[in-house]
There are 2 protein chains.
Amino acid sequence: MRIFKHSNGKYFASLTLNVLFAIAGIIFIAHKGGIPYLMQKLNLASDPNSAANSRENYYRHRTSLFKLLPNSPNQIVFLGDSLTDSAEWRELLGNPHIINRGIYGDTTTSLLNRIEVVVEGKPRQIFLLIGINDIHREIPLKFIVENYQQILATIREKSPETDVVVQSVLPINNQEFTRTMSNETVRELNGQIKALAEQFSYRYIDLFSKFADHRQQLNPKYTEDGVHLNGEGYLNWKEQIVPYLQE
Amino acid sequence: MRIFKHSNGKYFASLTLNVLFAIAGIIFIAHKGGIPYLMQKLNLASDPNSAANSRENYYRHRTSLFKLLPNSPNQIVFLGDSLTDSAEWRELLGNPHIINRGIYGDTTTSLLNRIEVVVEGKPRQIFLLIGINDIHREIPLKFIVENYQQILATIREKSPETDVVVQSVLPINNQEFTRTMSNETVRELNGQIKALAEQFSYRYIDLFSKFADHRQQLNPKYTEDGVHLNGEGYLNWKEQIVPYLQE
């Protein structure tokens, strides 16, 4: 319990502040609309705009679209989470075979659930980047790596000709931005992803070091929020992957 | 004040419930981490994951990417909010000239702020759909229409050769889903958008009636959340716009 970590004086000051704030909070909440407002804000009600629900709905919308899009030969798939989803890869890289199969908020678990649809098209290449949302959700590393292994195993089994390019997870910036993830964890995960790539004889790109500054933080010139990328960030990414891209 | 609308009995029952809930709330919040937790949940702190901040950051990331992407002749631009952003238009329509310039959360105000970058490329066609986020934010109709008029005027001025296809706002579904917007407002806005299209001699597509069921609600077969579209929804959209699409 916290109480033992503080001197009594500090504890009572903190307690008083908490009580005062709680009273202000009650007035504020009552003013805003009472219990329904609180329920909605705390995501206890089934609010379609809540982060969790809107992520889930987005996943359903995107995957149902992906199932209906036609497969064509020689497709180059950019596969992953919001970092993949947000870019316009075909325009950025000037290659007409590129398609985007990113989904905002995707984890190794949800990507594994949709990998079959991706490999059905027997794509020529897959550029894979996934993992930061797992870390954000504090999924144990062992579990993330097991999922990752299964993703690669499924691609190998169902589409053995596909050239998979495994990309490291990017650093995050938790100094200039309020972010709970740790770059230590990102580096640990990347070590395991690299080992998996070797195990499957897939090529591995270390994006981490190309996006990190001297503090090993995501370089602030590439981001507005410490995780996602601006145009400069995507230009940097492009530079790293052009040598791996098939014509 | 609400107190006068209730009988005294109802008022005291409601008051008691509110107080009980507030106490439970205080215990819950203290348990979760006290003031910082409350601040974060109520979006009072600068939380990069808050809906407003993440929308703003996403807008900055996307627009800075758009500025860096090369223009090429004969581009067909899909321009709008999340409904445009979430699809893979080039694949859906099988046309290599199509590019996606959708931004999740976009309003007529924020689209007007980035229209110059779009018209710089002197695209062959623009498929425009914008307005539902303005309605969600309860922007007065007069203001939305003024923005819309300015968007069209800017395109006409800076890229007079561009064939603009103005699309109606889609219905929403506030019966199966918790949505605050009204289809009455959507229809009012669509009437004004149609008038603007005529004024500029741009073609207008009535998507509303093609997505509405007999109740004038967004047909639930097209959506998981009452606003956004699944694959079936995009196939329906495709059917409506194919006759307007240039080769």
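Here the structure is shown first, and the text comes after it.
## Re the sheet that holds strand S3 (residues 125-129) of chain A
All names here are of chain A.
Here comes step 1: Here we have 5 strands laid out as an open sheet, ordered S2-S1-S3-S4-S5, and parallel in their pairing. Each of the sheet's edge strands pairs with one partner strand only, and the pair in question is strand S2 (98-102) and strand S5 (203-205). Direction aside, the axes of adjacent strands within the sheet are offset by 20° on average.
Here comes step 2: The sheet contact formed by strand S1 (residues 76-80) and S2 spans 5 bridges and is parallel. Each bridged residue has a counterpart across the sheet, and for Leu79 the counterpart in S2 is Arg101.
Here comes step 3: Here helix H9 (residues 141-158) sits on the sheet and contacts S3 and strand S4 (163-167); the angle it forms with S4, its principal contact strand, is near 165°.

## A closer look at empty space enclosed by the protein
Here comes step 1: One pass over the full model with this rule turns up 6 cavities of 30 Å³ or more.
Here comes step 2: In this structure, the largest cavity occupies an estimated 190 Å³ of space.
Here comes step 3: Lining the largest cavity are 16 residues, and of these Glu88, Arg90 and Asn100 of chain A together with Glu88 and Arg90 of chain B sit closest to its centre.
Here comes step 4: Every element with two or more residues in the lining of the largest cavity is listed here: helix H5 (89-93) and S2 of chain A together with helix H5 (89-93) and strand S2 (98-102) of chain B.
Here comes step 5: Of the residues in the lining of the largest cavity, the class split is 8 nonpolar, 2 polar and 6 charged.

## Some points on the packing of helix H12 (residues 231-241) of chain A against helix H3 (residues 51-68) of chain B
Here comes step 1: Contact geometry for H12 of chain A and H3 of chain B: axes closest at 7 Å, N-to-C directions at 60°. Classified by the angle their axes make, H12 of chain A and H3 of chain B are oblique. Contacts between H12 of chain A and H3 of chain B involve Gly231, Glu232, Tyr234 and Leu235 of chain A from the first element and His61, Ser64, Leu65 and Leu68 of chain B from the second.
Here comes step 2: Here the contact of H12 of chain A with H3 of chain B is composed, by residue class, of 4 nonpolar, 3 polar and 1 charged.

## A look at helix H6 (residues 108-120) of chain B
Residue and element names in this part refer to chain B.
Here comes step 1: For H6, which comprises 13 residues, the first-to-last C-alpha distance of 19 Å matches the rise-based estimate of 18 Å (1.5 Å per residue) to within 8%.
Here comes step 2: Helix geometry: H6 is bent most strongly at Arg114, by close to 45°.
Here comes step 3: Here H6 has its buried residues at Thr108, Ser110, Leu111, Leu112, Arg114, Ile115, Val118 and Val119.
Here comes step 4: The inward-facing, buried residues of H6 abut H3, strand S1 (76-80), S2, strand S3 (125-129), helix H7 (132-136) and helix H8 (141-158).
Here comes step 5: Residue Lys122 follows H6 closely and has a positive phi angle near 45°.

## Quick notes on H8 of chain B
The periodicity of an α-helix, 3.6 residues per turn, causes residues three or four positions apart to be oriented the same way.
Residue and element names in this part refer to chain B.
Here comes step 1: Look at H8: 26 Å from first C-alpha to last across 18 residues, which is about the 26 Å you get at 1.5 Å a residue.
Here comes step 2: Of the positions making up H8, those classed as buried are Leu141, Ile144, Val145, Asn147, Tyr148, Ile151, Leu152, Thr154 and Ile155.
Here comes step 3: Along its buried surface, H8 packs onto H6, S3, H7, strand S4 (163-167) and helix H9 (183-200).

## Regarding the environment of Ile155 of chain A
Residues and elements named next belong to chain A.
Here comes step 1: Along the chain, the position of Ile155 falls in helix H9.
Here comes step 2: C-alpha of Ile155 to C-alpha of Thr108: the two residues are 47 residues apart in sequence and 14 Å apart in space.
Here comes step 3: Not counting residues up to four positions away in its chain, the partners in contact with Ile155 are Ile115, Val119, Ile126, Pro160, Thr162, Val164 and Tyr202.

## Let's talk about the sheet that holds S2 of chain B
Residue and element names in this part refer to chain B.
Here comes step 1: With parallel pairing, the 5 strands of this open sheet are ordered in space as S2-S1-S3-S4-S5. If you trace the sheet from one side to the other, it starts and ends with S2 and strand S5 (203-205), each paired once. Averaged over neighbouring strand pairs, the angle between their axes works out to 20° when direction is ignored.
Here comes step 2: Bridge count between S3 and S4: 4 bridges; the pairing is parallel. Bridge pairing links Leu128 to Val166 in S4.

## Let's talk about the environment of Leu17 of chain B
Here comes step 1: Examined against the element boundaries, Leu17 of chain B turns out to sit in helix H1 (residues 8-32).
Here comes step 2: Sequence separation between Leu17 of chain B and Ser54 of chain B is 37 residues; the distance between their C-alpha atoms is 35 Å.

## So, the environment of Pro123 of chain B
All names here are of chain B.
Here comes step 1: Considering the arrangement of structural elements, one finds Pro123 in the loop between H6 and S3.
Here comes step 2: Placed 24 residues apart in sequence, Pro123 and Ile99 show a C-alpha to C-alpha distance of 9.9 Å.
Here comes step 3: Once residues within four sequence positions are removed from consideration, Pro123 is found in contact with Gln75, Val77, Val118, Ser159 and Thr162.

## Examining the pairing of S1 of chain A
All names here are of chain A.
Here comes step 1: In terms of residue burial, S1 counts as a mostly covered element, since 5 of its 5 residues are buried.
Here comes step 2: Neither face of S1 is open: one carries Ile76, Phe78 and Gly80, the other Val77 and Leu79, and all of them are buried.
Here comes step 3: The pairing of S1 with S3 spans 5 bridges and is parallel. Bridge assignment links Leu79 to a residue of S3, and that residue is Leu128.

## Structural notes on the side chain of Asn100 of chain A
Here comes step 1: Examined against the element boundaries, Asn100 of chain A turns out to sit in strand S2.
Here comes step 2: At 3.3 Å, the side chain of Asn100 of chain A and the backbone oxygen of Asp85 of chain A are in polar contact.
Here comes step 3: At 2.7 Å, the side chain of Asn100 of chain A forms a polar contact with the backbone nitrogen of Gly102 of chain A.
Here comes step 4: Residues contacting Asn100 of chain A, with those up to four places away along its chain left out, are Arg62, Phe66, Phe78, Thr84, Asp85, Ala87 and Trp89 of chain A together with Glu88 and Glu91 of chain B.

## Things to note about the packing of aromatic side chains
Describing an aromatic ring pair means giving the distance of the ring centres and the angle of the ring planes.
Residues and elements named next belong to chain A.
Here comes step 1: One pass over the structure, following the stated rule, counts 16 aromatic pairs over all chains.
Here comes step 2: On the basis of an interplanar angle of 5° and a centroid distance of 4.8 Å, the ring pair of Phe78 and Phe127 is categorised as stacked. With a gap of 49 residues between them, Phe78 in strand S1 and Phe127 in strand S3 connect regions that are remote in the sequence. The residues Phe78 and Phe127 share a single accessibility class, namely buried.
Here comes step 3: Where Tyr234 meets Trp237, the ring centres are 5.8 Å apart and the plane angle is 10°; that geometry is what we call stacked. Of this pair, Tyr234 and Trp237 both sit in helix H12, 3 residues apart, which is roughly one turn of the helix. Accessibility classification places Tyr234 together with Trp237 in one group, the buried group.

What counts as what
- Residues numbered from 1 in each chain as written.
- Chains lettered and ligands numbered in written order.
- Predicted model: local features only at pLDDT ≥ 70, side-chain atom pairs only at ≥ 80, totals over all residues.
- Heavy atoms only, no water.
- Pairing = 2+ DSSP bridges.
- Helix = DSSP H or I, 4+ residues; strand = E, 2+ residues; numbered from the N terminus.
- Axes fitted to C-alpha atoms, helices over the stretch in contact; angles between N-to-C directions.
- Contact = heavy atoms within 4.5 Å.
- 1 Å grid on protein atoms, 1.4 Å probe; cavity = no way out; pocket = protein on both sides within 12 Å on 5 of 7 lines; lining within 4 Å.
- Points joined across faces, edges and corners; volume = space filled by probe spheres on them.
- Nonpolar A, V, L, I, M, F, W, Y, C, P; charged D, E, K, R; others polar.
- Parallel < 35°, antiparallel > 145°, perpendicular 65-115°, else oblique.
- Expected span 1.5 Å × (residues − 1).
- Bend = angle between axes of the 7 residues up to and from the residue.
- Buried < 20%, exposed > 50% of the residue type's maximum accessible area, 1.4 Å probe, protein only.
- Polar contact = N/O pair within 3.5 Å; in protein donor to acceptor, adjacent residues only side chain to side chain.
- Phe/Tyr/Trp six-rings, centres within 6.5 Å; stacked < 30°, edge-to-face > 60°.

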